[in-house]
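# Survey of secondary and tertiary structure
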Amino acid sequence: MPAGACDAHCHVFGPAWKFPYAADRAYTPPDAPKETLAAMHRFLDVSRAVIVQASCHDADNRATLDAIRASEGRNRGVAIVDESFDDRAFRALHDGGIRGVRFNFVRHLGSRPEPKFFQHTVARLKALVKAAPDRVLWGTDWPHPNIAKYMPNDGDLVDLVPLIAPDETQRRKLLVENPARLYGFSDAGQA
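Residues numbered from 1 in each chain as written. Predicted model: local features only at pLDDT ≥ 70, side-chain atom pairs only at ≥ 80, totals over all residues. Heavy atoms only, no water.

So, on to the pattern of salt bridges. In this structure the tally under the stated criterion is 7 salt bridges. A salt bridge links Asp66 to Lys34; its shortest N-O distance comes to 2.6 Å. Residue Asp66 is found in helix H2 (residues 62-70), and its partner Lys34 is found in helix H1 (residues 34-44); the two are separated by 32 residues along the sequence. Linking Arg91 and Asp95 is a salt bridge whose minimum nitrogen-to-oxygen distance equals 3.5 Å. Pair noted here: Arg91 and Asp95 are both in helix H3 (residues 87-95), with a separation of 4 residues, about one helical turn. (Salt bridge = Lys/Arg side-chain N within 4 Å of Asp/Glu carboxyl O. Helix = DSSP H or I, 4+ residues; strand = E, 2+ residues; numbered from the N terminus.)

See below:
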């Protein structure tokens, strides 16, 4: 992975004793706290991340904000908000490192794709990177909250990057430059 590589879509869950899950959540994941995420990123040689608020926490963004704060500038986030958020609450999210808001409209995300469909999708991704190299991001979706039967290996996901972005310039845009520009990372995350 190039210096400053970013996982632009990952999550933290709990720990539930500190950051309880929403009462009306659709699923209860095992805890996947910031420390476990950081260890996985160290193993993959990823130095930055965009933590996407998990729906099991609903609009209580404390676990995401805590993981951003602990990263010393290496992480940003995407929040879930509800009608209670006012200008002051949005300012607090921004000050805490939040750079986007997510809305959940999907009831069921589907199942594991067939190998032929997967290969076709990878090829379509390689074309997208070539056609719009300044507009693409890469993320693991760790800890893969919507997968019940076939858990992906995060190392395998990293191994797919050269298939999607075959040359070093494309990989640098995908993994470093595009997320840095979109989420406002400073050079501190490249160390």
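Residues Asp24, Asp58, Asp82 and Glu83 make up a contiguous surface patch of negative charge. On the secondary structure map, Asp82 appears in the loop between strand S3 (75-79) and H3. (Patch = residues over 30% accessible without salt bridge, like charges linked within 9 Å, V, L, I, M, F, W, Y side chains within 5 Å. Areas by Shrake-Rupley, 256 points an atom, 1.4 Å probe, with all protein chains shown as cover. Lys, Arg positive; Asp, Glu negative; His and termini not counted. Charge placed at Lys NZ, Arg CZ, Asp CG, Glu CD.)

Reading across the sheet, the 4 strands line up as S1-S2-S3-S4 and stay open at both edges, with parallel pairing between neighbours. Edge strands, defined here as strands with exactly one partner in the open sheet, are strand S1 (6-10) and strand S4 (98-101). Sheet twist, expressed as the average angle between the axes of neighbouring strands with direction ignored, equals 20°. Sitting on the sheet, H2 touches strand S2 (48-52), S3 and S4, and the angle it makes with S3 is about 165°. (Pairing = 2+ DSSP bridges. Axes fitted to C-alpha atoms, helices over the stretch in contact; angles between N-to-C directions. Contact = heavy atoms within 4.5 Å.)

What follows covers the environment of Gly77. Here Gly77 lies in strand S3. C-alpha separation for the pair Gly77 and Ile98, spaced 21 residues apart in sequence, amounts to 4.4 Å. Residues contacting Gly77, with those up to four places away along its chain left out, are Val50, Ile51, Thr64, Ile68, Gly97, Ile98, Arg99 and Gly100.

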